[in-house]
Amino acid sequence: MLSDITIGQYFPGDSVVHRMDPRVKLILTFVYIIAVFFPQNWFGLLLAVGYLVFSVLCSRLPLRLVWKSIKPIIPLIVITSALNIFYSDKGVELIHWGFLKITSGGLITAAFIAIRILCLIAGSSLLTYTTSPTTLTDALERILRPLKVIHINVHELSMMMTIALRFIPTLIEETDKIMSAQKARGADMESGGLMQRVKALIPVLIPLFVSSFRRAYELATAMECRCYHGGDGRTRMKQLHMGRLDVWCLLSMALLIAAIVTLNFFVPAVV
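Residues numbered from 1 in each chain as written. Predicted model: local features only at pLDDT ≥ 70, side-chain atom pairs only at ≥ 80, totals over all residues. Heavy atoms only, no water.

**Q** Is there a simple way to explain the overall build of the protein chain in this structure?
**A** Helix and strand counts for the protein chain come out as 10 helices and two strands. Overall, the protein chain shows an N-to-C arrangement of helices and strands of α-α-α-α-β-β-α-α-α-α-α-α. For the protein chain, the residues scored as buried account for 35% of the 271 residues in total. Once local pairs closer than 6 in sequence are excluded, the contacts in the protein chain between residues at least 24 apart make up 74%. Accessible surface for the protein chain amounts to roughly 17,000 Å². Of this, 70% is attributable to carbon and sulfur atoms. (Helix = DSSP H or I, 4+ residues; strand = E, 2+ residues; numbered from the N terminus. Buried < 20%, exposed > 50% of the residue type's maximum accessible area, 1.4 Å probe, protein only. Contact = heavy atoms within 4.5 Å. Areas by Shrake-Rupley, 256 points an atom, 1.4 Å probe, with all protein chains shown as cover.)

Here it is, written out as structure tokens:
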């Protein structure tokens with residue numbers, strides 16, 4: 001199950017999305033996450049979903065990768081949707097049991113919120129799938145460069161964020177190996193009550209923390225041996241350049257937001 005988690009992984013390719021400027025991809029991802037919360041009706045939400053589907057198709061990534069990014073959060077989506085079912089009292093009353101009441105409006109709101117969450121996860125995963133950690137670090141550092149005015153070390157901040165994102169798959173793989181080793185020694189992690197399952201995770205968490213600190217120490221030692229001193233005087237082998245494709249992508253995002261806002265004025269709201 002842990003091997004299905006693909007957060008932070010990069011899949012090389014030569015698609016249109018892979019060739020985009022990483023700074024543009026970062027900006028588009030951030031703006032898209034905000035834009036997903038703009039739609040108040042189904043037409044606007046379908047536009048956001050269509051934009052995401054078109055981007056995934058342009059990236060030429062297997063659909064199973066997108067499914068893997070969504071699969072771990074299905075329980076969260078189900079819980080969030082269930083809460084929204086009882087939160088709204090709009091529409092026709094379908095079930096009324098004590099203080100619990102389910103209406104048609106509640107079901108519509110739950111579906112609306114679930115699709116929003118799916119768009120957020122899939123859109124964020126598309127960025128890491130198509131952008132290498134090194135390129136992502138350079139892009140993040142360039143975007144945050146104005147923060148140097150207030151004496152914030154942008155390079156180290158970008159490096160820490162990218163390293164943390166890069167080591168998520170490594171920690172997941174390490175956790176899977178430790179759990180397999182403990183099960184081979186007779187550890188039972190799937191039966192019993194909640195407290196028993198929590199106690200069964202202790203033999204997994206301790207080796208995981210030890211392994212994490214060891215990896216961090218080895219990484220710090222390797223960077224020191226290579227005379228790493230931060231971003232001062234650092235040169236880059238690959239320079240970032242914006243092309244026509246990046247400009248068209250920015251314009252398409254602007255058109256998407258304009259269309260969603262326009263639909264909010266002329267189409268009745270769902271949520």
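**Q** Would you mind going over the packing of helix H1 (residues 22-35) against helix H6 (residues 133-143) with me for this structure?
**A** Any two packed helices are characterised by how steeply their axes cross, that is the angle between the axes, and by the distance between the axes. Where H1 contacts H6, the two axes come as close as 8 Å, and the packing angle between them is 70°. Comparing the axis directions of H1 and H6 gives the class roughly perpendicular. From H1, Pro22, Arg23, Leu26 and Ile27 reach across to H6, where they touch Thr135, Leu136, Ala139, Leu140, Arg142 and Ile143. (Axes fitted to C-alpha atoms, helices over the stretch in contact; angles between N-to-C directions. Parallel < 35°, antiparallel > 145°, perpendicular 65-115°, else oblique.)

**Q** How do you make sense of a nonpolar patch on the surface when you look at a structure like this?
**A** A surface patch of nonpolar side chains, about 650 Å² in accessible area, is lined by Ile27, Ile143, Met242, Val247, Trp248, Leu250 and Leu251. The leading source of residues in the nonpolar patch is helix H10 (residues 244-266), at four residues. On the secondary structure map, Ile143 appears in helix H6. (Patch = residues over 30% accessible without salt bridge, like charges linked within 9 Å, V, L, I, M, F, W, Y side chains within 5 Å. Salt bridge = Lys/Arg side-chain N within 4 Å of Asp/Glu carboxyl O.)

**Q** Explain the confidence of the model for the protein chain to me, please; I cannot follow it from the model alone.
**A** Detailed reading of the predicted coordinates is not advisable wherever pLDDT is low. When pLDDT is averaged across the protein chain, the result is 80; 86% of the residues are at 70 or more. Of all the helices and strands in the protein chain, strand S1 (residues 93-97) carries the lowest mean pLDDT, 67, while helix H2 (residues 42-59) carries the highest, 92. (pLDDT = per-residue confidence, 0-100.)

**Q** Looking at this structure, I do not really get the pattern of salt bridges. What am I missing?
**A** Pairing of side chains with opposite charge becomes possible as their charged atoms draw close. Scanning the model with the defined rule gives three salt bridges in all. The salt bridge partner of Arg19 is Asp14, with a shortest N-O separation of 3.6 Å. Of the residues examined, Asp14 reaches a relative accessible area of 56% and is grouped as exposed. The partner of Arg215 in a salt bridge is Glu174, with the nearest N and O atoms 3.0 Å apart. Placement of the pair is Arg215 in helix H9 (residues 202-225) and Glu174 in helix H7 (residues 154-184), with a sequence separation of 41 residues. By relative accessible area, which is 30% here, Arg215 ends up partly exposed. Overall, Glu174 belongs to the buried group, its relative accessible area being 15%.

**Q** What's the story with H6 in this structure? I'm lost.
**A** Those residues of H6 that sit buried are Leu136, Thr137, Asp138, Ala139, Leu140, Glu141 and Arg142. Buried residues along H6 sit against H1, helix H5 (104-130) and H7.

**Q** Explanation requested: the packing of aromatic side chains in the structure shown.
**A** Centre-to-centre distance and the angle between the planes together describe a pair of aromatic rings. With the rule as written, the count across this model stands at three aromatic pairs. Between Phe11 and Tyr129, the ring centres sit 5.3 Å apart and the planes meet at 75°, which makes this aromatic pair edge-to-face. A residue pair is termed long-range when its members are at least 10 positions apart, and Phe11 in the segment before H1 and Tyr129 in helix H5 qualify at 118 residues. Taking 5.1 Å as the distance between ring centres and 70° as the angle between the ring planes, the aromatic pair formed by Trp42 and Phe112 counts as edge-to-face. Taken together, the residues span a long stretch of sequence, with Trp42 in helix H2 and Phe112 in helix H5 at a distance of 70 residues. (Phe/Tyr/Trp six-rings, centres within 6.5 Å; stacked < 30°, edge-to-face > 60°.)

**Q** Honestly, the nonpolar core in this entry has me stumped. Any pointers?
**A** Within the largest apolar cluster, 18 residues are counted, with the highest numbers of intra-cluster contacts made by Leu28, Tyr32, Leu52, Met253 and Leu256. Counting residues per element, the ones that place at least two in this core are H1, H2, helix H3 (63-70), H5 and H10. Not counting chain neighbours up to four residues away, the residues in contact with Met253 comprise Leu28, Val31, Tyr32 and Tyr51. In this structure, Leu26, Leu127, Leu136 and Val154 belong to the second largest nonpolar core, which totals seven residues. (Core = buried A, V, L, I, M, F, W, Y, C linked by side-chain atoms within 4.5 Å.)

**Q** What am I meant to see in the side chain of Ser15 here?
**A** Position of Ser15 relative to the elements: it lies in the segment before H1. Within the structure, the side chain of Ser15 is placed 2.6 Å from the side chain of His18, a separation counted as a polar contact. The contact partners of Ser15, leaving out residues within four places of it in the chain, are Cys58, Ser59 and Arg60. (Polar contact = N/O pair within 3.5 Å; in protein donor to acceptor, adjacent residues only side chain to side chain.)

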